[in-house]
Amino acid sequence: MALYSEKVMDHFRHPRNHGRLKEFDAVGKVGNPTCGDVMYIYIKVNNNIITAIGFETMGCAAAIATSSMMTELAKGKSLEEAEKITRGDVANNLNGLPPVKMHCSNLAADGLRIAIKNYRKG
Amino acid sequence: MRVYLDNAATTMTAPEVVAEMKRFFSEEYANPASLHTMGQHAKEATEKARESIAKAINAEPEEIIFTSGGTESDNLAIKGINAGHIITTKIEHPAVLESCRALEKKGTKITYLDVDPEGLIDLEQLKDSINKGTGLVTIMAANNEIGTILPLEKIGAICKERGVPFHTDAVQALGKVPIDVKAMNIDMLSASAHKIHGPKGMGILYVKKGIKLIPSIHGGGHEHGMRSGTGNTAGIMGMAKAIELMQEKNNMQELRDMLIKGLLEIPETRLNGPRQKRLCNNVNVAFKYIEGEGILLYLDEAGISVSTGSACSSLSLKPSHVLLALGLKPEESHGSIRFSLSRYTTKAEIQYTIEETKKVVKRLRELSPFGKED
């Protein structure tokens, strides 16, 4: 499949950390069904560290792969480190995304930041 | 198992067609416009092909213009007639819609007719839209995404009564829906070879005697001056052969119904387009809570080739204009998949496709935040 890198396809075929966590401290919801991409990011936080993370995503292969990659990048990080993860970091770790997918499908980092914000709000 | 269910995009060139074409590359390769014996042989062959192609739609041979395909035929018909006002529909193929939009920018008035949730037009709206300045009605014979078969005979009758030329894009319909240009009062018709197991790069425009067009390709005056360029002899022979093979019996409709039934067993799915007035090879299903590209790529992993007109597939990110015209919300159109059969499709392939689709939809719904029971 020339459209996506092998790394994207790997995360699309075998998504990491997918599903809602049984116990979570906060959720970040991002996207909208009209565009076709929606992500829910669930986090469990212990001593300021993201100890568990899960996602639910409706969207294209890029949306699923970026969700999966973001969870890998965020897991085990402190909240301060995690909120520094950018869309670019997610895309780079997937060996790139088609330009048209960079904005609409690459929302996972935004979803994580919303989850962290919601966690801090309590 | 490899299953090709994207026959509305293009089809396998039939082995008989390839065999027929081969001769016109390596043996009878002369230019049909040449006066020598070899040229005249090529001309005889292609004129015979023109006759049999004409016969398939009940036209006269001299009413057939050979083109490079459906897109060129649509462009020639729509731009060539020089109309001040054109009536078309919201669900046409881009070859028609974009030709109309190009003319619209230059001042031509275009009316885009609405369709109902099954993709059918309102004939009263058509009648009301025709005015003194209307120079063309262009309405497709069957829709490429949702398979709706439009009532050509009724549209033709209205156009005839009001004295407006009627063009139809029959690219998807040819070979699947009976077409009689005389009985249906069709003045122009576009068709393509590669949708019926013929070669790519080959099509026709039927133009009824008396209809005047401005050619878009000028040159040596081939095709009565309507379309210059040396005749694509192999393509012409291949198209005629493909049309001849079309007459063979097939069980596409039975397999289509089996596929529809199997897919609708999946909860929260719906058939896009009509149940009855539908092309015998088209199935288009919306799977709620998931997105089409994911379905397409997971099915591709299982060896099944399908298509989606939805946002992410084509890189245009826009939901299908056809599904939106039916009144579907963008979020409903995103999870739609088109399965299109051919006469080579087997029952085993359909069974496999149903099983695999069930698995794929389940897998993607597990990933989705929507449609869960809790």
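Residues numbered from 1 in each chain as written. Chains lettered and ligands numbered in written order. Predicted model: local features only at pLDDT ≥ 70, side-chain atom pairs only at ≥ 80, totals over all residues.

A closer look at the overall build of chain A
1) Next: Along chain A, the regular secondary structure elements total six helices and three strands.
2) Next: Referenced to the eigenvectors of the C-alpha coordinate spread, the extents of chain A come out at roughly 45 × 30 × 25 Å.
3) Next: Expressed as a percentage of its 122 residues, the buried residues of chain A come to 43%.
4) Next: The long-range share in chain A, meaning contacts at least 24 apart out of those at least 6 apart in sequence, stands at 63%. (Helix = DSSP H or I, 4+ residues; strand = E, 2+ residues; numbered from the N terminus. Buried ≥ 20, exposed ≤ 12 C-beta atoms within 10 Å, placed from the backbone. Contact = placed C-beta atoms within 7 Å.)

Remarks on helix 2 (residues 37-56) of chain B
All names here are of chain B.
1) Next: Over its 20 residues, helix 2 extends 29 Å from the first C-alpha to the last, a length consistent with the 28 Å expected when each residue adds 1.5 Å.
2) Next: Taken together, the buried positions of helix 2 are occupied by A42, T46, A49, R50, I53 and A56. One face of helix 2 carries all of its buried residues, which in axial projection span an arc of 115°. The outward face of helix 2, more than 90 degrees from its buried face, is lined by the exposed residues T37 and E44.
3) Next: Looking at the buried residues of helix 2, the elements they touch are strand 2 (64-67), strand 8 (203-207) and helix 7 (233-246). (Expected span 1.5 Å × (residues − 1). Arc of directions from axis to C-beta.)

Describing the interface of chain B and chain A
1) Next: Facing 18 residues of chain B, the contacting portion of chain A comprises 19 residues.
2) Next: In terms of residues, the side of chain B that touches chain A owes the most to one element, helix 9 (residues 292-301) of chain B, which gives four residues.
3) Next: Taken together, the residues of the side of chain B that touches chain A sort by class into eleven nonpolar, three polar and four charged. (Nonpolar A, V, L, I, M, F, W, Y, C, P; charged D, E, K, R; others polar.)

With respect to the domain arrangement of chain B
How big an interface is tends to be stated in terms of the accessible area lost upon association of its parts.
Residues and elements named next belong to chain B.
1) Next: Looking at chain B, the domain boundaries give domain 1 (15-246) and domain 2 (250-367).
2) Next: Taking only C-alpha atoms into account, the centre of domain 1 sits 28 Å from that of domain 2.
3) Next: Counting residues at the interface gives 15 residues for domain 1 and 18 residues for domain 2.
4) Next: Classifying every residue of the side of domain 1 that touches domain 2 by side-chain character gives six nonpolar, five polar and four charged. (Domains from an automatic or database assignment.)

Focus on the sheet that holds strand 3 (residues 85-89) of chain B
All names here are of chain B.
1) Next: Here we have seven strands laid out as an open sheet, ordered 2-8-7-6-5-3-4, and mixed in their pairing. Both edges of this open sheet fall to strand 2 and strand 4 (109-113), since each of them pairs with a single strand only. Taking the axes of each pair of neighbouring strands and ignoring which way they run, one obtains an average angle of 20° across the sheet.
2) Next: Bridge count between strand 5 (residues 134-138) and strand 6 (residues 166-169): two bridges; the pairing is parallel. Residue pairing in the sheet places T138 in a bridge with H167 of strand 6.
3) Next: Along the sheet, helix 4 (residues 94-105) makes contact with strand 3, strand 4, strand 5 and strand 6, crossing strand 3 at roughly 150°. (Pairing = 2+ DSSP bridges. Axes fitted to C-alpha atoms, helices over the stretch in contact; angles between N-to-C directions.)

Details of unusual backbone geometry
1) Next: The backbone of A:N95 sits at a positive phi, close to 60°, despite the residue not being glycine.
2) Next: Positionally, A:N95 belongs in the loop between helix 4 (87-93) and helix 5 (101-104).
3) Next: The exposed category is assigned to A:N95, around which 12 C-beta atoms lie within 10 Å.
4) Next: A positive phi angle, near 75°, is found at B:Y289, a position not held by glycine.

Things to note about the packing of helix 1 (residues 15-26) of chain B against helix 7 of chain B
All names here are of chain B.
1) Next: Running from N to C, helix 1 and helix 7 cross one another at 155°; their axes reach a closest spacing of 8 Å. With respect to each other, helix 1 and helix 7 are oriented roughly antiparallel. Pair helix 1 / helix 7 crosses with right-handed handedness. Taking contact as the criterion, the partners of E16, V17, E20, M21, F24 and F25 in helix 1 are, on helix 7, T233, A234, M237, G238, K241, A242 and L245.
2) Next: Grouping the constituent residues of the contact of helix 1 with helix 7 by class yields eight nonpolar, two polar and three charged. (Parallel < 35°, antiparallel > 145°, perpendicular 65-115°, else oblique. Left-handed = near helix turned anticlockwise from the far one by under 90°.)

Considering the nonpolar core
What tends to happen in soluble globular proteins is that the nonpolar side chains get buried as a cluster.
1) Next: Among the nonpolar cores identified, the biggest contains 73 residues, and B:L150 and B:Y206 are the most heavily contacted of them.
2) Next: No other element matches helix 7 of chain B, which puts seven residues into this core.
3) Next: Mapped onto the domain boundaries, this core takes at least three residues apiece from domain 1 (15-246) and domain 2 (250-367) of chain B.
4) Next: Residue contacts for B:L150: discarding those within four places in its chain leaves B:L120, B:I121, B:I139, B:M140, B:A141, B:A142 and B:I155.
5) Next: The next biggest cluster of nonpolar side chains, apart from the first, holds 60 residues, and it includes A:Y42, A:A65, B:L296 and B:Y298. (Core = buried A, V, L, I, M, F, W, Y, C linked by C-beta atoms within 7 Å.)

Describing the pairing of strand 1 (residues 26-32) of chain A
Residue and element names in this part refer to chain A.
1) Next: Across seven bridges, strand 1 lies against strand 2 (residues 37-46) in antiparallel orientation. When the sheet's bridge partners are listed, K29 is paired in strand 2 with Y40.
2) Next: Between the end of strand 1 and the start of strand 2, which pair antiparallel, lie four residues, with G36 showing a positive phi angle near 95°.

Observations regarding the packing of helix 1 (residues 6-13) of chain A against helix 2 (residues 61-74) of chain A
Residue and element names in this part refer to chain A.
1) Next: In contact at an axis separation of 8 Å, helix 1 and helix 2 are set at 85° when each is read in the N-to-C sense. One way to sum up the angle between helix 1 and helix 2 is to call them roughly perpendicular. In contact with V8, H11 and F12 of helix 1, helix 2 contributes A61, A62, I64, A65, S68 and M69.
2) Next: Looking at the contact of helix 1 with helix 2, its residues break down into seven nonpolar, two polar and no charged.

Overview of the sheet that holds strand 9 (residues 269-271) of chain B
Residue and element names in this part refer to chain B.
1) Next: The strand order across the open sheet formed by three strands is 9-10-12, and the pairing between neighbours is antiparallel. A strand with exactly one partner marks an edge of an open sheet, and here the two such strands are strand 9 and strand 12 (336-340). Across the sheet, the axes of successive neighbouring strands diverge by a mean angle of 25°, strand direction being ignored.
2) Next: In terms of strand pairing, strand 10 (residues 282-287) meets strand 12 through five bridges, oriented antiparallel. Bridged to A286 within strand 12 is S336.

Details of helix 1 of chain B
1) Next: An ideal rise of 1.5 Å per residue puts 16 Å on twelve residues; helix 1 of chain B measures up with 17 Å between its terminal C-alpha atoms.
2) Next: Check the buried side of helix 1 of chain B and you find it contacts helix 7 of chain B.

A word on the pairing of strand 2 of chain B
Residue and element names in this part refer to chain B.
1) Next: Burial along strand 2 is two-sided: the face carrying I64 and F66 and the face carrying I65 and T67 are both buried.
2) Next: Pairing between strand 2 and strand 8: four bridges, direction antiparallel. Directly across from I64, in strand 8, lies its bridge partner Y206.

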